[in-house]
Amino acid sequence: MTIEEKVDLISGVDSFWTKGVPRLAVRRLRMADASMGLRNAFIPATAFPAFIALAATWDRAAAYEYGSAVGAEFRAAEIDVLLGPGINLYRVANCGRNFEYLGEDPILAGELAVEYVKAVQAQGVSATVKHFAANNTDWHRSVSDSIMDERTLREVYLAAFERVVTQAGVGAVMTGYNLLNGEYAAECRALIRGILQEEWGFTGVVMSDWGGTWNTMASFGSGLSLEMGVAKVFTRERLLALAGDGALDLEELDRKVLAILAWTFAIEEAQSSASASGQRRGPGHLRTALDVARKGTVLLKNEGPLLPLDLGMRRLSVLGPCAFPTPTSGGGAAKVEAIDPRSILGSVLELAPNVNVSRDEDTLAQSDAVLVCVGFDAATEQEGADRPFGLPWKQVELIRKCAAANPNTIVVIVGGGGVAMADWIDPVKAVVHGWYPGEIGSVAIAEILFGRCNPSGKLPISIERTWRDAPAYGAYLPDGESLYTDPDYCSQCRPFFQVHYKECVFVGYRHYDRNGTAPLFAFGHGLSYTTFTYGGLTIERSDTGVAVCCTVTNSGAVAGGEVVQVYVGDPQSTVPRPVRELKGFTRVELAAGESQTVRIELPERAFAFYDVTAKRWRIEPGEFVIEVGASSRDIRLTGRIQYAGE
Ligand code: GLC
């Protein structure tokens, strides 16, 4: 290859393409967004439930099915690279992109993303795990500097990426717009060359986010392989001039070129051998999407129990801005245009044709129950901006009015994360989090409301009672600043500001467990129409770590899904460690009265912390606590195991 061909190859063209090397018949690769489905590819695509709804399933198999379906639609559209999964952790409820990520815990996010990536790539499409790293707010993201210590970075904000890179063989990594400890992510050599490429052994392509580059030599020297969407700092003129001055590391240039060529050939190889040449949107993918919504919708509260409603009920009031139309997604690069979006109202009418459904606020007291559908949409929760913790305009007043008029009030939340509930939830008997249900997930919400589907979703996030309880309270927006609505994609319209991750490793439930504050709803929480009992805990050493076994029984009257969660604690640690950290989980589907013994393998790493002095993961000697629970605050079994340390 000539040097012109080489420097051309390391930047994109036409926004979503690589250039290839025409003279050598190296073809261009086409990319598209994103994690939740095929965007802007000019063919009908399935609008899947939001990625955080997938996280709420806690179901590896569902993650694989979701990835297979999305990957198949990319393949059918002849798109080579999927710009997802996005796996940045949920640090603040406000982040405009929480809906397209997998929640607050790195193990849950990492495990599900591994399955998703394997599935997408089995379709002959390269996945691109993003946004590397610590892109946990979209508030002026191009001048936002995530400041944290090395242990927090390793144990929390890199852990899911490490899993995807080392266990799923992801083809590409996309850097974030943000800065990390004072350096732009795309320019951070310690992060890209040091950790990603040398320590984790990643040999794939490291691409920038679109326009997420600012300095040629810093981006070139960091290990970044490919500037996307078009050349801004890797222009031919600039790189050839540097080469002419002997200032361009030509070995590094070859390293980038080889990574892109290898990636291109690997994709071609996968496409030649992939069993399917893709599959377009159709009944199969809609079933997958519906299955995710059925398993990911979370029943947060159910006093009475008011739910499930009776299909023979006389009259139901259905109100709220999200009842019809029901927002299918948040806004930005993750949003897939829904071909045939269902709504909660429409799904209720279809499922309960004999129920008299009223939309009239003046007849609330006459109804057997009132359903209020509230939340956000693509204009109020989106990329390039963050959102308030509170519900949008006048929705609280509507909920209060309904609850005052009718004690049997149910609230369904549509959105990408936690919302303020403390000032309206007490008189409300039932609350359901439907996330963004995609084009068909509203059917699942209606099925759950009327008991056709037993809810089994578990929160992948903690939901604080008030914003002041949140782990990041006081360490998020710069003092005196406020949220904005018009998205700022990658401008540098204002001075840099630092976001200090003062909570360190104590993100989400780890924070609440340490400081004793009870969240309104705990990480891992989700109600069912049945009950489950746990017993028979055994903890034994295995070849690869520790095997935790227990027996779960469906002690109720209807079939249901349960997520068995395993948490590990090191009460004798010499460094501050969370009371408990999720280290394993599995989902079981049990008929009424059925029992199943589950075995959850914990690798050695599950007991380790990152020793910043020794620069390695280390297990300290002593006794570890192992807890098995139905949520991080509903611990059913507890055991202990001794470690001699290392
Ligand atoms: C956007 C997003 C990224 C997306 C890319 C291409 O700005 O940050 O997630 O994949 O640009 O649209």
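Data block above holds the structure.
Residues numbered from 1 in each chain as written. Predicted model: local features only at pLDDT ≥ 70, side-chain atom pairs only at ≥ 80, totals over all residues. Heavy atoms only, no water.

1. A word on helix H13 (residues 395–405)
Looking at H13, one finds that the buried residues are Gln395, Val396, Leu398, Ile399, Cys402 and Ala403. Down the axis of H13, the sector holding all buried residues measures 160 degrees, keeping them to one side. For H13, the elements touching its buried residues are strand S10 (315–319), strand S12 (369–375) and strand S13 (409–414). (Buried < 20%, exposed > 50% of the residue type's maximum accessible area, 1.4 Å probe, protein only. Helix = DSSP H or I, 4+ residues; strand = E, 2+ residues; numbered from the N terminus. Arc of directions from axis to C-beta. Contact = heavy atoms within 4.5 Å.)

2. Focus: the packing of aromatic side chains
Scanning the model with the defined rule gives 24 aromatic pairs in all. A ring pair is formed by phenylalanine 607 and phenylalanine 624, whose centres lie 5.3 Å apart and whose planes are at 90 degrees; its orientation type is edge-to-face. Of the two residues, phenylalanine 607 sits in the loop between strand S20 (595–603) and strand S21 (609–611) while phenylalanine 624 sits in strand S23 (residues 622–631), which places them 17 residues apart along the sequence. Geometrically, the ring pair formed by phenylalanine 624 and tyrosine 643 is edge-to-face, given 5.6 Å between the ring centres and 80 degrees between the ring planes. With phenylalanine 624 in strand S23 and tyrosine 643 in strand S24 (residues 634–643), this pair connects stretches of sequence that are 19 residues apart. As far as the burial class goes, phenylalanine 624 and tyrosine 643 line up, both buried. An aromatic cluster of at least three residues, connected via ring pairs, comprises Trp58, Tyr509, Phe523, Tyr567 and Phe585. (Phe/Tyr/Trp six-rings, centres within 6.5 Å; stacked < 30°, edge-to-face > 60°.)

3. Regarding the packing of helix H3 (residues 60–76) against helix H11 (residues 283–296)
Running from amino to carboxyl end, H3 crosses H11 at an angle of 145 degrees, the nearest separation of the two axes being 10 Å. As H3 packs across H11, the resulting crossing turns out to be left-handed. Across the interface between the two elements, Glu65, Tyr66, Ala69, Ala72 and Glu73 of H3 pack against His285, Thr288 and Val292 of H11. (Axes fitted to C-alpha atoms, helices over the stretch in contact; angles between N-to-C directions. Left-handed = near helix turned anticlockwise from the far one by under 90°.)

4. A few points about the sheet that holds strand S4 (residues 144–147)
Sheet strands pair via backbone hydrogen bonds, and the direction of the pair is either parallel or antiparallel. Pairing in this open sheet of four strands is mixed, and the strands run S7-S6-S4-S15 from one edge to the other. Looking at which strands have only one partner, the edges of the open sheet turn out to be strand S7 (183–184) and strand S15 (497–500). Here S4 runs beside strand S6 (residues 179–180); their pairing, made up of two bridges, is parallel. Pairing of aspartate 145 across the sheet is with leucine 179, part of S6. (Pairing = 2+ DSSP bridges.)

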